[in-house]
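# Architecture at a glance
Given next are the chains, with one letter for each unit.
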Amino acid sequence: MSRHTQVEDPEQAGKEAPANRTRPDLDDATVEAVGRLSEALEWVERARGALYEFHQLCGHADLTLGAAISQLEEAGHPRTAALVRGRLHGRNVLDGRWTFQIVEEYDDLYYHSFVDVDEEVRRRLTGGERHVHEARMKARERARAGRDLWGPGA
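Let us now look at the overall build of the protein. A tally of helices and strands in the protein yields four helices and two strands. Along the protein, helices (α) and strands (β) appear in the sequence β-β-α-α-α-α when read from the amino end. By the burial criterion, 23% of the 154 residues in the protein qualify as buried. When contacts within the protein are restricted to residue pairs at least 6 apart in sequence, those whose partners lie at least 24 apart make up 57%. Summed over its atoms, the accessible surface of the protein is roughly 11,000 Å², and 54% of this surface lies on carbon and sulfur atoms.

To continue, consider a nonpolar patch on the surface. Judged by side-chain polarity, Phe54, Val93 and Leu94 come together as a nonpolar surface patch covering roughly 230 Å² of accessible area. Accessibility expressed as a relative area gives 37% for Val93, which makes it partly exposed.

Attention now goes to the environment of Thr80. Inspection of the secondary structure assignment puts Thr80 in helix α2 (residues 78–87). The spacing of Thr80 and Ile69 is 11 residues in sequence and 8.4 Å in space, taken between C-alpha atoms.

Where helix α3 (residues 99–126) bends most, the angle comes to about 45°, and this point is Asp107. Within the sequence span of α3, burial applies to Thr99, Ile102, Val103, Tyr106, Asp107, Tyr111, Phe114, Val115, Asp118, Arg122 and Thr126. As for α3, its buried residues are in contact with α1 (28–74) and α4 (132–144). Just downstream of α3, Gly127 is the residue with a positive phi angle, here 65°.

Quick look at unusual backbone geometry now. For Arg23, which is not a glycine, the phi torsion comes out positive at approximately 50°. Examined against the element boundaries, Arg23 turns out to sit in the loop between β2 (16–18) and α1. With relative accessibility at 13%, the residue Arg23 sits in the buried group. Look at His131: it is not a glycine, yet its phi comes out positive at around 55°. Tracing the backbone shows His131 in the loop between α3 and α4.

Once that is clear, we can look at the pattern of salt bridges. The full count for this structure, using the stated rule, is 10 salt bridges. The salt bridge partner of Glu39 is Arg36, with a shortest N-O separation of 3.4 Å. One end of the pair is Glu39 and the other is Arg36, both in helix α1 and three residues apart, which spans about a single turn. With a closest N to O distance of 2.7 Å, Asp107 and Arg48 form a salt bridge. Remark: Arg48 occurs in helix α1 and Asp107 occurs in helix α3; sequence separation between them is 59 residues. We classify Asp107 as buried; its relative accessible area is 8%. Beyond isolated ion pairs, a larger network of salt bridges with shared partners links Glu120, Arg123 and Arg124.

Thresholds, definitions, all that
- Residues numbered from 1 in each chain as written.
- Predicted model: local features only at pLDDT ≥ 70, side-chain atom pairs only at ≥ 80, totals over all residues.
- Heavy atoms only, no water.
- Helix = DSSP H or I, 4+ residues; strand = E, 2+ residues; numbered from the N terminus.
- Buried < 20%, exposed > 50% of the residue type's maximum accessible area, 1.4 Å probe, protein only.
- Contact = heavy atoms within 4.5 Å.
- Areas by Shrake-Rupley, 256 points an atom, 1.4 Å probe, with all protein chains shown as cover.
- Patch = residues over 30% accessible without salt bridge, like charges linked within 9 Å, V, L, I, M, F, W, Y side chains within 5 Å.
- Salt bridge = Lys/Arg side-chain N within 4 Å of Asp/Glu carboxyl O.
- Bend = angle between axes of the 7 residues up to and from the residue.

In short, shape yes, function no, at least from these values alone.
Below you can see the structure in the form of structure tokens.
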């Protein structure tokens, strides 16, 4: 399916305009359902981002902790440095796992499956087209405002 259609305006000859992605051949209920699935995937993407942020925050904290341990040693507090190292440095954040393992497990067990299912549903129901629901919303709102539905600019 082509994402562009040839422009009819002679001044725009040779330029491609975005195709109408509203898929008028699809019923509203299907578009709503596929849109809702894609919305769920967007929330999964946000959760994944939060996991990566958690991973990076914990990693940064551990590196900072290592620096603090070194500074305690350099300041003449080897026993205190050993206490901190022994109780905190290099600990698992969950039983048996560091944060990279949590991210990998989330990706392998949940995230990739979610992406695959979303793609399969879109392939089956929208010909693989993404954001049909949003394209319809754009067309409605631009039409109400008297704007060219798919043209460039505001």
